[in-house]
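Observations on the three-dimensional arrangement
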Amino acid sequence: MLNRMKLWKSQKDKSMVDEKFHDVLKYQIPGHIAIIMDGNGRWAKKRALPRIAGHHEGMKVVRKITRMANELGVKTLTLYAFSTENWKRPKMEVDYLMKLPEEFLGTFLPELIEENVKVTMMGYEDKLPSHTANAIKKAMKETEHNNGLVLNFALNYGSRFEIIEAVKDVLNDVSNGIIDKNEINEETFSNYLLTKDLPDPDLLIRTSGEIRLSNFMLWQLAYTEFWFTPVLWPDFKEEHLIEAIEVYQGRSRRFGGIQSEELE
């Protein structure tokens, strides 16, 4: 009887997700969604499990959300996988986190290739272990000709460092006569950032109930719509992604201006 009820609930939930899926497709889908995947450690702690169990469970969610984003027609999905500040965590946890890209891509790369997903990375490779960097490079190489969803991993990424490095590069090019200082504007500066080949995010999602950016894409998120949820990342499901998109679709993006009806 209990199993039958669980099956009925599962079928009902799937039906609701399918219905909402088709509903959001009637309106504009955000082209670029960025996600701060937070709450793996707390998810594990609630279950008296080691933190790495939460990270492993979170990896499974990456697969589900990538697949759903692709089906929805999202053009770019950026996932904050490891920040420049995360090196401060215990060595055992850091070592495990550095193994996750290799495990994820080793398992799901054939699926990503089949689904026409292109893997990219933004971050600073020099500090990554060779096995982590090699796994990312392999995935990028084998998907470089795909033209579907761009799955962009922010790995060893920190926005303040990114901006400082961009400023150094700008100053260097000015001193070498490559560009004139009077030519520097938002567009030219953006071309010095790690996201120069990507559009700015339309929607930022952060899980776990925290309401902060944690040094993530500070320049690029200037006019992004934010959606925060108390749901821990390992519990984040397809319906939560759809809910975030529904909220996004209900907002008015004015980019500092005002709507035409407000002028009347």
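From a predicted model like this one, the values you see are computed outputs, not experimental measurements. (Residues numbered from 1 in each chain as written. Predicted model: local features only at pLDDT ≥ 70, side-chain atom pairs only at ≥ 80, totals over all residues. Heavy atoms only, no water.)

Re the overall build of the protein chain
- Helix and strand counts for the protein chain stand at nine helices and six strands.
- In the protein chain, which comprises 264 residues, the share counted as buried stands at 42%.
- The contacts of the protein chain with a sequence gap of at least 6 include a subset with a gap of at least 24, amounting to 77%.
- If you sum the accessible surface of the protein chain, you get close to 14,900 Å²; carbon and sulfur atoms cover 53% of it. (Helix = DSSP H or I, 4+ residues; strand = E, 2+ residues; numbered from the N terminus. Buried < 20%, exposed > 50% of the residue type's maximum accessible area, 1.4 Å probe, protein only. Contact = heavy atoms within 4.5 Å. Areas by Shrake-Rupley, 256 points an atom, 1.4 Å probe, with all protein chains shown as cover.)

What to know about the nonpolar core
- Counting 50 residues, the largest nonpolar core has Ile33, Ile35, Leu77, Phe104, Ile205, Phe236 and Leu241 as its most contacted members.
- Among the elements that take part in this core, helix α4 (residues 91-114) stands out by supplying ten residues, more than any other.
- If near-sequence neighbours (up to four positions away) are discounted, Phe104 is found in contact with Met59, Val62, Arg63, Leu109, Leu112, Leu151 and Phe153.
- Ala34, Ile36, Tyr157 and Met217 belong to the second largest nonpolar core, which has ten residues in total. (Core = buried A, V, L, I, M, F, W, Y, C linked by side-chain atoms within 4.5 Å.)

A few points about the packing of aromatic side chains
- Inspection of the entire model under this criterion finds ten aromatic pairs.
- A ring pair is formed by Phe104 and Phe153, whose centres lie 6.1 Å apart and whose planes are at 75°; its orientation type is edge-to-face. On the criterion of sequence distance, the pair formed by Phe104 in helix α4 and Phe153 in strand β4 (residues 150-157) is long-range, its members being 49 residues apart. An identical accessibility class is assigned to Phe104 and Phe153; each is buried.
- Among the aromatic residues, those joined into a ring-pair cluster are Tyr80, Tyr157 and Phe216. (Phe/Tyr/Trp six-rings, centres within 6.5 Å; stacked < 30°, edge-to-face > 60°.)

Details of the UniProt feature "binding site: Mg(2+)" (unreviewed entry) in the protein chain
- Residues annotated in UniProt with the feature "binding site: Mg(2+)" (unreviewed entry) correspond here to Asp38 and Glu225.
- Examined against the element boundaries, Asp38 turns out to sit in the loop between β1 (32-36) and α2 (40-46).
- Asp38 sits in the buried class, given a relative accessible area of 14%.
- In contact with Asp38, other than residues within four places in its own chain, are Arg206, Thr207, Ser208, Glu210, Leu232 and Trp233.
- Note that Glu225 resides in strand β6 (residues 225-228).
- In this structure Glu225 comes out as buried when scored by relative accessible area, which is 14%. (UniProt positions renumbered as here; feature names shortened; annotations may be inferred.)

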